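Residue-level listing of the chains:
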Amino acid sequence: QVQLVESGGGLVQPGGSLRLSCAASRSISSFDAMGWYRQAPGKQRELVATITRGGSTNYVDSVKGRFTISRDNAKNTVTLQMNSLKPEDTAAYSCNAAVRGMDYEYHYWGQGTQVTVSS
C-alpha cells in the first residue's frame, strides 16, 4: 500500500508564504503524475497543480505565478511552494499520486493538511 504524508500547512497572513511537502512511501518515479488538490468548506475539490513523471507542470489559473510544484526523486518528495497567499487559498490541501493505464487511472491520497490565510 502506498502512503502519502503531507506537512507544512498552517496559518498565514495574506501575502505570506507556505511550503507544503508530500513524502511518499515508495519511489515517486513509479507514478505517472503527482499533484495537489484543495477543498474549501462548502466547495468542490479542485486540482491545484500537477507534475508528471517527465517533469511537466500544470496549474489552475488562479494560482499561476504564485504557486510552484516541484519534486525531489531522491527523497521521494513533492513540494508545493505557495507565495503571495490570498484568503481564497484557504483550504485543506491533499497530495495525490496517479497511476494510469490504457483505460484506467488510480489515485493515491494523503491525509491532507490545512492551509488558512487570514488577517
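Since the structure is predicted, the reported quantities are computational estimates derived from the model, not experimental observations.

### So, the overall build of the protein
Okay, so step 1: Each helix and strand counted, the protein has 0 helices and 11 strands in total.
Okay, so step 2: The linear arrangement of helices and strands in the protein, starting from the amino end, is β-β-β-β-β-β-β-β-β-β-β.
Okay, so step 3: Here the protein has a C-alpha radius of gyration of 14 Å; the compact-globule value for 119 residues is 14 Å, and the two agree.
Okay, so step 4: Projected onto its principal axes, the C-alpha positions of the protein cover 45 × 30 × 25 Å.
Okay, so step 5: Expressed as a percentage of its 119 residues, the buried residues of the protein come to 40%.
Okay, so step 6: Long-range contacts, defined here as pairs at least 24 residues apart, represent 54% of the contacts in the protein between residues at least 6 apart.
Okay, so step 7: Element-wise, carbon and sulfur atoms account for 45% of the exposed surface of the protein, whose accessible area totals about 6,500 Å².

### Observations concerning the nonpolar core
Okay, so step 1: With 30 residues, the main nonpolar core has L4, F31, M34, W36, L80, M82 and Y93 as its most contacted residues.
Okay, so step 2: Elements supplying a minimum of two residues to this core: strand 3 (18-24), strand 4 (33-39), strand 5 (46-52), strand 7 (67-72), strand 8 (77-82), strand 9 (91-100) and strand 11 (113-117).
Okay, so step 3: No other element matches the 5 residues that strand 9 contributes to this core.

### Examining the pattern of salt bridges
Okay, so step 1: As enumerated under the stated definition, the model contains 6 salt bridges in all.
Okay, so step 2: Between D89 and R38 there is a salt bridge whose closest N-O contact spans 3.0 Å. In this pair, D89 is assigned in the loop between strand 8 and strand 9 and R38 in strand 4, connecting sequence segments 51 residues apart.
Okay, so step 3: Overall, D89 belongs to the buried group, its relative accessible area being 1%.
Okay, so step 4: Residue classification places R38 among the buried residues on the basis of a relative accessible area of 7%.
Okay, so step 5: Here D61 and K64 are joined by a salt bridge, their closest N and O atoms 3.0 Å apart.

### Remarks on the state of the cysteines
Okay, so step 1: In the structure shown here, the tally under the stated rule is 1 disulfide.
Okay, so step 2: Across the disulfide, C22 is cross-linked to C95 (sulfur-sulfur distance 2.0 Å). In this structure, the disulfide formed by C22 and C95 twists by about -80° around the S-S bond and is classed as left-handed. One end of the pair, C22, is in strand 3; the other, C95, is in strand 9, with 73 residues separating them in the sequence. Each member of the pair, C22 together with C95, is buried.

### What about the pairing of strand 11?
Okay, so step 1: Only one face of strand 11 is covered, namely the one carrying T113, V115 and V117; the face carrying Q114 and T116 has none of its residues buried.
Okay, so step 2: Sheet analysis places strand 2 (residues 10-12) next to strand 11, joined by 3 bridges and oriented parallel. Opposite L11, over in strand 11, you have T116 as the bridge partner.
Okay, so step 3: Bridge count for strand 9 against strand 11 is 3 bridges, and the pairing is antiparallel.

About the cut-offs
- Residues numbered from 1 in each chain as written.
- Predicted model: local features only at pLDDT ≥ 70, side-chain atom pairs only at ≥ 80, totals over all residues.
- Heavy atoms only, no water.
- Helix = DSSP H or I, 4+ residues; strand = E, 2+ residues; numbered from the N terminus.
- Rg over C-alpha atoms; globule rule 2.2 N^0.38 Å.
- Buried < 20%, exposed > 50% of the residue type's maximum accessible area, 1.4 Å probe, protein only.
- Contact = heavy atoms within 4.5 Å.
- Areas by Shrake-Rupley, 256 points an atom, 1.4 Å probe, with all protein chains shown as cover.
- Core = buried A, V, L, I, M, F, W, Y, C linked by side-chain atoms within 4.5 Å.
- Salt bridge = Lys/Arg side-chain N within 4 Å of Asp/Glu carboxyl O.
- Disulfide = S-S within 2.5 Å.
- Pairing = 2+ DSSP bridges.

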